[in-house]
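Here's the letter readout for the chains.
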Amino acid sequence: GEVESVFHEDGRTATVSVLRTREENVLTIATNGKPDASLFGFWFEACSDSISRRPLAGDASTQTLAPLITLAHRPDARIAAVIGQGSGMSSHFLLTSPTIEELVTVEIEPEMIRGSREFYPANRRVFDDPRSRIVIEDAKTHFAAAGRKYDLIFSEPSNPWVSGVASLFTKEFYQHLRRYMSDDGVFGQWLHLYEIDDALVSSIMAAIHENFPAYEMFLTDANDMLVVATKAERLSQPDWSVAESPELLKDLCNIVPLTREAFEGTRVSHLAAMAPLLDNW
């Protein structure tokens, strides 16, 4: 179908563009031409009984499930951080938690923030919620300067091969990040499984494996994986009731209800299963 450009700016680290398909009204935000997030038009429609609920699919599946699965492993998180704004949906969904007191979204590219406003109001909490703070800075610099401990850190930067992003998937970065996590804090790392080879995925997993004593892996759609890791000796059982908050149910009024079984069904692997492959990577 026909595509129109609704936003296009050369930023200081990347070119950010937002495209809309005229027919289906799909919005996509891209970094240097590489799509980072997209949403179907029905996400922008008001709730009503007459609307037919649709299954969670495509990028929206990861944009919804990845932050919620991470949150389920630390439902009482008070101080949280998100690395990478994208569509702003991850921060938006984390802010459905009533226990979060402060959520900082760290984004290196100012144009990404401006471009993501095209997704408003589907991502409104990142802009409107008084607990939300957007910081334009390199993630490593931000954490070092802030010098505080986070209960939950969710990392969803652009893809590892996009210039300047690879350093956010390294052993050094995870080592650095650990210092800024509370003792039983959790870390969620999004990983895409398309246009990437096993060796790169394995090297990222090896970096996580080396730095975190426990983690689980989840498939948030056919091409995206989430790793939830902790500094503690073991990862607590997820509390899927985080997906039942009234705020979230309102957000997902046009989506087939998310069940505990659906969440459990996303689980694919864990540290013990991966150790033989990664211990000597």
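The following refers to the structure shown. Computed from a prediction, not measured in an experiment: that's the story for all the values here. (Residues numbered from 1 in each chain as written. Predicted model: local features only at pLDDT ≥ 70, side-chain atom pairs only at ≥ 80, totals over all residues. Heavy atoms only, no water.)

This part covers the overall build of the protein. Tallying secondary structure elements over the protein gives 10 helices and 12 strands in all. Against the compact-globule benchmark of 19 Å for 281 residues, the protein has a radius of gyration of 18 Å, which places it among compact chains. Counting only residues that meet the buried cut, the protein has 55% of its 281 residues in that class. Looking at the protein alone, contacts between residues at least 24 apart form 67% of all its contacts between residues at least 6 apart. (Helix = DSSP H or I, 4+ residues; strand = E, 2+ residues; numbered from the N terminus. Rg over C-alpha atoms; globule rule 2.2 N^0.38 Å. Buried < 20%, exposed > 50% of the residue type's maximum accessible area, 1.4 Å probe, protein only. Contact = heavy atoms within 4.5 Å.)

Glancing now at the pairing of strand 1 (residues 3–10). Note: strand 1 against strand 2 (residues 15–21), 7 bridges, orientation antiparallel. When the sheet's bridge partners are listed, E4 is paired in strand 2 with R20. The turn joining strand 1 and strand 2, which pair antiparallel and follow one another in sequence, is formed by 4 residues. (Pairing = 2+ DSSP bridges.)

Turning to the sheet that holds strand 4 (residues 34–39), a few remarks are in order. With antiparallel pairing, the 4 strands of this open sheet are ordered in space as 1-2-3-4. The open sheet has two edge strands with one neighbour each: strand 1 and strand 4. This sheet shows a mean twist of 20° between the axes of neighbouring strands, independent of strand direction. In this structure, strand 2 lies alongside strand 3 (residues 27–31), joined through 5 bridges in antiparallel fashion. Among the inter-strand pairings, S17 is bridged to a residue of strand 3, identified as A30. (Axes fitted to C-alpha atoms, helices over the stretch in contact; angles between N-to-C directions.)

The element strand 3 is extensively covered by neighbouring structure, given that 5 of its 5 residues are classed as buried. Burial along strand 3 is two-sided: the residues L27, I29 and T31 and T28 and A30 are all buried. Taking the residues that link successive antiparallel strands as the turn, the strand 2-strand 3 hairpin has 5 residues, and the phi of N25 there is positive, at about 55°. Of the strand pairs in this sheet, strand 3 and strand 4 are connected by 5 bridges, and their pairing is antiparallel. Opposite T28, over in strand 4, you have S38 as the bridge partner. Connecting the antiparallel pair strand 3 and strand 4 is a turn made up of 2 residues, with N32 showing a positive phi of about 50°.

This part is about the sheet that holds strand 12 (residues 267–270). Taken together, the 8 strands give an open sheet; going across it, the order is 7-6-5-8-9-11-10-12, and neighbouring strands pair in mixed fashion. Sheet topology places strand 7 (132–136) and strand 12 at the edges, where each strand pairs with a single neighbour. The sheet shows a mean angle of 20° between the axes of neighbouring strands, taken without regard to direction. Note: strand 6 (residues 102–107) against strand 7, 5 bridges, orientation parallel. Bridging across to strand 7, V104 finds its partner in R133. Running at roughly 155° to strand 10 (residues 214–221), helix 1 (residues 58–72) makes contact with strand 8 (150–155), strand 9 (181–192), strand 10 and strand 11 (224–230) of the sheet. Strands strand 5 (79–83), strand 8 and strand 9 of the sheet are contacted by helix 6 (residues 171–178), whose axis makes an angle of about 150° with strand 9.

Turning our attention to helix 5 (residues 139–146). Looking only at helix 5, the buried set comprises A139, H142 and F143. Summarising the axial view, the buried residues of helix 5 lie within an arc of 95°, below the 170-degree limit, and thus occupy one face. Considering only its buried residues, helix 5 is in contact with strand 5, strand 6, strand 7, strand 8 and helix 6. Positive phi appears at G147, one or two residues downstream of helix 5, with a value of about 50°. (Arc of directions from axis to C-beta.)

Let us look at the packing of helix 5 against helix 6. Where helix 5 meets helix 6, the axes come as close as 10 Å, and the angle between the chain directions of the two elements is 25°. Classed by the angle they form, the pair helix 5 and helix 6 counts as roughly parallel. Between helix 5 and helix 6 lies a crossing whose hand is left-handed. In contact with A139, K140, F143 and A144 of helix 5, helix 6 contributes E172, F173, H176 and L177. (Parallel < 35°, antiparallel > 145°, perpendicular 65-115°, else oblique. Left-handed = near helix turned anticlockwise from the far one by under 90°.)

Attention shifts here to the packing of helix 6 against helix 7 (residues 198–211). Their axes nearest at 9 Å, the elements helix 6 and helix 7 cross at an angle of 35°. Like other packed secondary-structure pairs, helix 6 and helix 7 cross with a definite hand, here right-handed. The segment helix 6 lies against helix 7, with K171, Y174, Q175 and R178 engaging I204, A207, I208, E210 and N211. Among the residues forming the contact of helix 6 with helix 7, the class breakdown is 4 nonpolar, 2 polar and 3 charged. (Nonpolar A, V, L, I, M, F, W, Y, C, P; charged D, E, K, R; others polar.)

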